[in-house]
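# Coordinate analysis (summary)
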Amino acid sequence: MNDDWEGPNEEDIEWTKSMFEQIEIGGVWAPIHSGVEYTKTGEKEMSLTRLMNHPSAGAIHARILETIEKTDWTMKEDQAQLVTPPLDPVAAIHERKEREQEIAENWQCPTSDCEELLRNMDLAQGIWSYEGMQQALTDDGEIVDTERWSVRVNCHECGAAIALEPYDYTILGGDELSWTWGPYQVMERDAIIDAIDHGDQVLILGTELEEERVPPHMRGLVVHMPLNMEEE
Ligand SMILES: [Zn+2]
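Residues numbered from 1 in each chain as written. Predicted model: local features only at pLDDT ≥ 70, side-chain atom pairs only at ≥ 80, totals over all residues.

## Some words on helix H5 (residues 189–197)
- Counting buried positions along H5 yields 0 of 9 residues, so the element is predominantly exposed.
- Once H5 ends, the next one or two residues include Gly199, with phi positive near 75°. (Buried ≥ 20, exposed ≤ 12 C-beta atoms within 10 Å, placed from the backbone. Helix = DSSP H or I, 4+ residues; strand = E, 2+ residues; numbered from the N terminus.)

Set out below in structure tokens:
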């Protein structure tokens, strides 16, 4: 995290407000990997519901509080549950992911009068779309150019075309969907060895495949050769 934060600027304030406005009352806002969780408890009221017992979570909450003070929103803190993460980092990551999945279970279609849950949509048909380059801030405070992607999913109830953040899609879809791109599924090491031993063809993904851009998390990985591409 960047430590020379000088308080919220206009952009931070607007972003935070628009974030809160999008949430329905009773809905949860839990920024990725932040260790903080808020529930919308009123028209202009958020409540801190979970706080990780970790200095960085405390610092993030302090910033959000400082930002909220510059708006017409209020923050309640009396319901907050202090959660101590497991000491083992692997267990801590696992626990965080489980919690993120619990929250994602309740995500609804963004159409205001449609209550279909995102998890019930046909996530396997999600289409990875490259949205161009964007600038991002690294943990060291450096600005870097990164690719921006979304995963397009359709609501079967209202027909809305929904663009999900890739991370949100992987949380909703689980490991299997995360490691699948169209017909290509990432192979585990044993499966690769087995395929090579039997003379089966495998494919290693680069940046592009048949003039299509490969999602960054799939690059450099070994995938099954789809049946229709063999013997070409
Ligand atoms: Zn819908």
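## Some details on the sheet that holds strand S8 (residues 161–164)
- The strand order across the open sheet built from 3 strands is S6-S7-S8, with neighbouring strands paired in antiparallel fashion. Each edge of the open sheet is held by one strand with a lone partner, namely strand S6 (127–137) and S8. Averaged over all pairs of adjacent strands, the angle between their axes in this sheet comes to 30°, without regard to strand direction.
- Across 9 bridges, S6 lies against strand S7 (residues 143–154) in antiparallel orientation. Residue pairing for S7: Gln134 is matched across the bridge by Thr146.
- With respect to the sheet, helix H4 (residues 166–178) is in contact with S7 and S8, its orientation differing from that of S7 by roughly 45°. (Pairing = 2+ DSSP bridges. Axes fitted to C-alpha atoms, helices over the stretch in contact; angles between N-to-C directions. Contact = placed C-beta atoms within 7 Å.)

## Considering the nonpolar core
- Cys109, Leu118, Met121, Val151, Val153, Cys155, Leu164, Tyr169, Ile171 and Leu172 together form the largest nonpolar core, which totals 10 residues.
- At the level of elements, S7 and H4 are the ones that each hand at least two residues to this core.
- In terms of residue count, H4 provides more of this core than any other element does, 3 residues in total.
- Excluding its chain neighbours within four sequence positions, the residues that come into contact with Tyr169 are Gly126, Val151 and Leu164.
- Counting 6 residues, the second-largest nonpolar core is a separate cluster that includes Val36, Met46, Leu51 and Ala57. (Core = buried A, V, L, I, M, F, W, Y, C linked by C-beta atoms within 7 Å.)

## Overview of the pairing of S7
- The antiparallel hairpin formed by S6 and S7 contains 5 residues in its connecting segment, where Gly141 sits at a positive phi of about 80°.
- Here S7 runs beside S8; their pairing, made up of 4 bridges, is antiparallel. Of the residues in S8, the one forming a bridge with Val153 is Ile162.
- The turn joining S7 and S8, which pair antiparallel and follow one another in sequence, is formed by 6 residues; a positive phi near 80° is taken by Gly159.

## Here's the deal with the packing of helix H3 (residues 89–104) against H4
- One way to put it is that H3 packs onto H4 with a least axis distance of 9 Å and a crossing angle of 90°. When the interaxial angle is binned, H3 and H4 end up roughly perpendicular. Note on element contacts: H4 touches H3 through Asp168, Ile171 and Leu172, opposite Glu100, Gln101 and Ala104.
- Looking at the contact of H3 with H4 residue by residue, the class counts come to 3 nonpolar, 1 polar and 2 charged. (Parallel < 35°, antiparallel > 145°, perpendicular 65-115°, else oblique. Nonpolar A, V, L, I, M, F, W, Y, C, P; charged D, E, K, R; others polar.)

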